[in-house]
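Spelled out, the chains give:
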Amino acid sequence: MGLALVAAFETSTEGVPVTAESTDTSSAAETLGAGSVRAARRIRASELGGRAWLNTGGKPLDLEALRGKIVLLDFWTFCCINCLHVLDELRPLEEKYKDVLVTVGVHSPKFEHEADPVALASAVERYEIHHPVLDDPELLTWQAYTARAWPTLVVLDPEGYIVAHLSGEGHAGGLGVLVEELVAEHEAKGTLHRGDGPYVAPEPTAGTFRFPGQTVPLDSGNYLVVDTGHHRLVEVRPDLTTVERVIGSGTKGFLDGQAEVAQFNEPQGVAVLPASIAWQTGYEAVVADTVNHRLRGVTLSSGYVQTVAGNGIQRLLDAGPARVDGNGAGTWASASTSASADGSAHDGAPKDSGASVHDVYAGDAEDIGYLGHGTNVSLSSPWDVVWSEKLQKVVVAMAGTHQIFTFDPLTGAVAILAGSGLEGLLDGPGPQSWFAQPSGLAVDPSGDIWVADSETSALRRVKLAEDGSATVETAVGEGLFDFGFRDGAAATARLQHPLGVAVLPDGSVAIADTYNGAVRRYEPSSQTVSTLARGLAEPADVVVVTSTTEGNGEPLLLVTETNRHELVLVPIPKDAQQVDEGERQTQRPKTAVPAGPLELTVRFAAPTGQKLDNRWGDPTQLKISSTPAELLVGGTGTAQGLTRTLELNPVVAEGVLHITARAAACDGAPGEEIPDHAACHLYQQDWGIPVMLQDGADAALTLDLRGMD
C-alpha cells in the first residue's frame, strides 16, 4: 500500500508530474535554510481534476482560484492510519498560517467503498477536516502528480509551481520552514495574497452519538459507548437511547480528571477489567484514546479519568535503535545491561550484547517483549483493547505500528506481543509476523485472540502458548490489495476493511465487515464464511448480548453502526446468507519494468542535525518480497544496504513489489562523533508498487526514503 510509518521525503524523478513543465530559474538553485524540504528546481503544477469538491460550499476549485496562496496538496484515503496521523500533524500548521496557506485534501481511494461520495463526506466530517477536499475516485490528480504512497504531500508556491514533494509522516517541522521561506520570498515579489481561504464548513451532524466506535455491556445491564466523534464515553440504559451519564467534557483534547472535565481525542475502543483486577488498580475500564496515543483508565463508579500508558508521542517518531542489523533487529548503543519488570532481559536485544532496555525505544522488525512502563512508553494510535485472562493483561491493537501490544494494569508494563512493525500479511511466530492496521480484538474460550486486520481485509488469530508466546495465523484474507464480498470457503472468501470482531456462543467468529456494510461469520471447524446481516452503515464493532427487552433471552448482536450514529440489535439468523459479489484488487497505475535484472535504489539523507549511525556497521536495510512470490527469482529477503539487484521472472506478466526500507540516524553535528547518549531515530517506509513486465522498460527503479534532488 505504500504507507509510510515515519518521515519519508520523495523527490525522485518519478515524483515529477507527467504533464509538468520544468522551469530553470535562478531561485531553483538557491540553497535554503536548515530544515527546509524545498526541491532544487521549480515544476509547473498540473491542474486539479476529480469528481467533486467538498468543504467549498459547492464551488469547484482550480489552480487559478488558488493563485496567490501557498497550496499544500495532501493525497490521502480515509482507511489509512498514516493519512489520519498527517491530518493531525497539519492542523497546527494550518492554524498558524491560515491567511497564506490552503491545504487541499486529494482523496485517492484504495477500497471500493471509499469511492462512495456519501462515505467520503462522512469521513470528512468524522475526522473534522477543515479544508477543501477533492474527490478523485479515478485517481486523475494522483496520476498527474505521480503519487506512489498514501500519504503524499505536494507544496505549490503562490505562482503555481511545485516546490516540494514528500511522502509519509513527520514533515510538519520542515513544512513550517518552507512556508516561512515562501512567505518572505513572495511577499517581497508581491505575489502572495493574504486573507481567508476557500474553506466552507458543512452542516454538522446532530444527535446523542457522533460516529461511535464501540459498545461494551456493563454488569449493571447498561452499555458503555465510545462516542468517538464527541470525544467522550456515554453510558446508556438497555433501551440503547436513554443516557445514564457522560464521561468526558466532549472537548477534543487531553486532560485527566473528573468526568465533566476530562478530555479524550477520538477514542475508539474500551475494555472492562475483571473485578479482581479493578479493585487493585482503582479503575474498572481501559480506553484506547487513539489520537492522543494513550491508554486511559476510567473509574466507572465516579467517572474519574487517568492516563495509565503512553506519553502522547507517536511511536516511531521518537527515539529509536542505534542501528538495524542484517536480520532486521535493532541493537542498542548502551554498554550497560538492565532487566525488564519480570527480571528478564529485553527480548528484542541479543542476550550477549549488553543491550539495555530503553523505555522510549521506537520498535523494530524483530523487537518483541518488554518496552517500558506506563507513561514512559510511546504508543501509536491504539484502536482496540481487550482483557486476556490467559495473559492476565490488556491486549492492545496498535494500529499505527501494525502490532499487537500488551499492557499490565497491575505493574504498568507495556510489551509487544506480536507483529514486526512491517505492514502486510505474514503468518508465523509473533516476532516475524506482519499486520496491517489491526483494529478489532476478541478473545475466544481457549484464550486465543482474534484480530480484525483492517488494511489486509483479513481475520487473523493470535494463538497463545502456555508460556505466553504467540503464533499468528490467517483465517480469511489474502493481502494488502485484495478485498471483496464473497462467502464460502475461507481460502477464497473476501472481506473489505473490517474493524470489529466478536466470538459467538457456538465458537464461530462474527466480523464487523465495515466497508461492506455487513456482519460476517467465520466458522473455524468448517473454515467457511457466511453473512449474518447487510445494509449497515460502516459497522465498526459487534458484540454478543442478551436482550432484556425482547423477553426471550436469545443472544443478539449489538452492532455499533458508525455512519448512522446509532446502536442496533441484530438477531443471529439460524441460516446465514451466502453472498458472492466477487473479489477486487486495488487498482493503481502499474510501473513498467523489464524481465531480468532490475536495479533498485532507495535514497536517504539524514535530516539536518542528524547523521547515519555507522558506529556498528551499515545502519540501513531493505526487505523485499513480491506478490505473487514467483514474480521475483532473485533479490528477495532482508539485508543491509539501500541498493539491491532484483531478478524478475520473465514468465510472470505482472504483480506487486513489496519494499520496506529502513535507516537509523542519530543526533550529531557533521564531521563530529555521535555523542554516547544522543537521541536516535528509525526511519521506515513501506511501498507496494504494482509492476508489469515490458520489453525495453527502464531497468532501474529509484525510491526515496528521505532525500533531496
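Look a little higher up for the structure.
Residues numbered from 1 in each chain as written. Predicted model: local features only at pLDDT ≥ 70, side-chain atom pairs only at ≥ 80, totals over all residues. Heavy atoms only, no water.

S.K.: Can you explain the overall build of the chain? Please cite residues and give values.
M.R.: Along its length, the chain carries six helices and 48 strands. Taking all 709 residues of the chain together, the buried fraction comes to 62%. A separation threshold of at least 6 residues defines the contact pool for the chain, and within that pool the share at least 24 residues apart is 63%. A total of about 25100 Å² of accessible surface is found on the chain, and carbon and sulfur atoms cover 51% of it. (Helix = DSSP H or I, 4+ residues; strand = E, 2+ residues; numbered from the N terminus. Buried < 20%, exposed > 50% of the residue type's maximum accessible area, 1.4 Å probe, protein only. Contact = heavy atoms within 4.5 Å. Areas by Shrake-Rupley, 256 points an atom, 1.4 Å probe, with all protein chains shown as cover.)

S.K.: Could you give me a rundown of the nonpolar core, with the residues and numbers involved?
M.R.: Formed by 46 residues in total, the largest nonpolar core has its most connected members in L73, Y145 and L156. V602, I624, V652 and L705 belong to the second largest nonpolar core, which has 25 residues in total. (Core = buried A, V, L, I, M, F, W, Y, C linked by side-chain atoms within 4.5 Å.)

S.K.: Hey, could you go over the packing of helix α2 (residues 81-96) against helix α5 (residues 172-189) for me, with residue numbers and the actual values?
M.R.: One can describe the packing of α2 onto α5 by two numbers: an axis separation of 10 Å at closest approach and a directional angle of 20°. The angle between α2 and α5 falls in the class roughly parallel. The two elements α2 and α5 cross, and the hand of that crossing is right-handed. For the pair formed by α2 and α5, the contact residues are E89, L90, L93 and K96 on the first element and A172, L175, G176 and E180 on the second. Considered class by class, the residues forming the contact of α2 with α5 number four nonpolar, one polar and three charged. (Axes fitted to C-alpha atoms, helices over the stretch in contact; angles between N-to-C directions. Parallel < 35°, antiparallel > 145°, perpendicular 65-115°, else oblique. Left-handed = near helix turned anticlockwise from the far one by under 90°. Nonpolar A, V, L, I, M, F, W, Y, C, P; charged D, E, K, R; others polar.)

S.K.: Give a description of the sheet that holds strand β37 (residues 566-571) that names residues and reports values.
M.R.: With antiparallel pairing, three strands are arranged side by side in an open sheet as β35-β36-β37. A single partner strand is all that each edge strand has here, and the edge strands are β35 (539-546) and β37. Shown here is a sheet whose adjacent strand axes are inclined to one another by a mean of 30°, direction ignored. Of the pairings in the sheet, the one linking strand β36 (residues 555-561) to β37 comprises six bridges and is antiparallel in character. Bridge pairing in β37 links E561 to E566. (Pairing = 2+ DSSP bridges.)

S.K.: Any details on the pairing of strand β21 (residues 393-398)? Residues and values, ideally.
M.R.: In terms of burial, β21 is largely enclosed, as five of its six residues are buried. Note that strand β20 (residues 382-388) and β21 share six bridges and pair antiparallel. Paired with P382 across the bridge in β21 is M398. Following β20, the chain reverses through four residues before pairing antiparallel with β21; Q392 in that reversal takes a positive phi of roughly 60°. Where β21 lies against strand β22 (residues 403-407), five bridges are found, and the strand directions are antiparallel.

S.K.: Summarise the sheet that holds strand β11 (residues 232-236); cite the residues concerned and give the values.
M.R.: Here we have four strands laid out as an open sheet, ordered β9-β10-β11-β12, and antiparallel in their pairing. On the outer flanks of this sheet lie β9 (214-217) and β12 (243-247), each paired with one strand and no other. Taken pair by pair, the neighbouring strands of this sheet meet at an average axis angle of 20°, ignoring direction. Taken together, the four bridges between β9 and strand β10 (residues 223-227) define a ladder with antiparallel strand orientation. Residue pairing in the sheet places Q214 in a bridge with V226 of β10.

S.K.: Give a description of α5 that names residues and reports values.
M.R.: With 18 residues, α5 extends 25 Å between its outermost C-alpha atoms, agreeing within 8% with the 26 Å of an ideal straight helix rising 1.5 Å per residue. Looking only at α5, the buried set comprises G174, L175, G176, L178, V179, E181, L182, V183, E185 and H186. Following α5 by one or two positions, G190 adopts a phi angle in the positive range, close to 80°. (Expected span 1.5 Å × (residues − 1).)

S.K.: Help me get a handle on the side chain of H658, residues and values and all.
M.R.: Relative to the elements of secondary structure, H658 occurs in strand β46 (residues 654-667). Classification of H658 by relative accessible area gives buried; the value is 15%. A distance of 2.7 Å separates a polar atom in the side chain of H658 from a polar atom in the side chain of T627. Sequence-distant contacts of H658, that is, excluding residues within four places in its chain, are made with F481, K623, I624, S625, S626, T627, W687 and G688. (Polar contact = N/O pair within 3.5 Å; in protein donor to acceptor, adjacent residues only side chain to side chain.)

S.K.: An account of the pairing of strand β26 (residues 449-453) is requested, with residue identities and associated values reported.
M.R.: Extensive coverage of β26 is indicated by the burial of five of its five residues. The alternating pattern of β26 places I449, V451 and D453 on one face and W450 and A452 on the opposite face, and all of these are buried. Taken together, the five bridges between strand β25 (residues 438-443) and β26 define a ladder with antiparallel strand orientation. Along β26, the bridge assignment pairs V443 with I449. With antiparallel pairing between neighbouring strands as the criterion, β25 and β26 make up a hairpin whose turn holds five residues, including G447 at a positive phi of roughly 95°.

S.K.: Describe unusual backbone geometry, listing the residues and the values that go with them.
M.R.: For the bond from T627 to P628, the omega torsion is -5°, close enough to zero to count as cis. Within the element layout of this structure, P628 appears in the loop between β42 (620-627) and β43 (632-634). At F211, a residue that is not glycine, the phi angle is positive and equals roughly 50°. As for its placement among the helices and strands, F211 is situated in the loop between α5 and β9. For H293, which is not glycine, the phi dihedral falls at a positive 55°. In this structure, H293 sits in the loop between β14 (285-289) and β15 (294-299).

S.K.: Before we move on, could you go through the pattern of salt bridges and cite the residues and values that matter?
M.R.: Tallied over the full model, the rule gives 26 salt bridges. Its salt-bridge partner being R520, residue D513 comes within 2.6 Å of it at the nearest N-O pair. Just as D513 is buried, R520 falls in that class too. Where salt bridges share partners, they join E125, E128, R210, K252 and E266 into one cluster. (Salt bridge = Lys/Arg side-chain N within 4 Å of Asp/Glu carboxyl O.)

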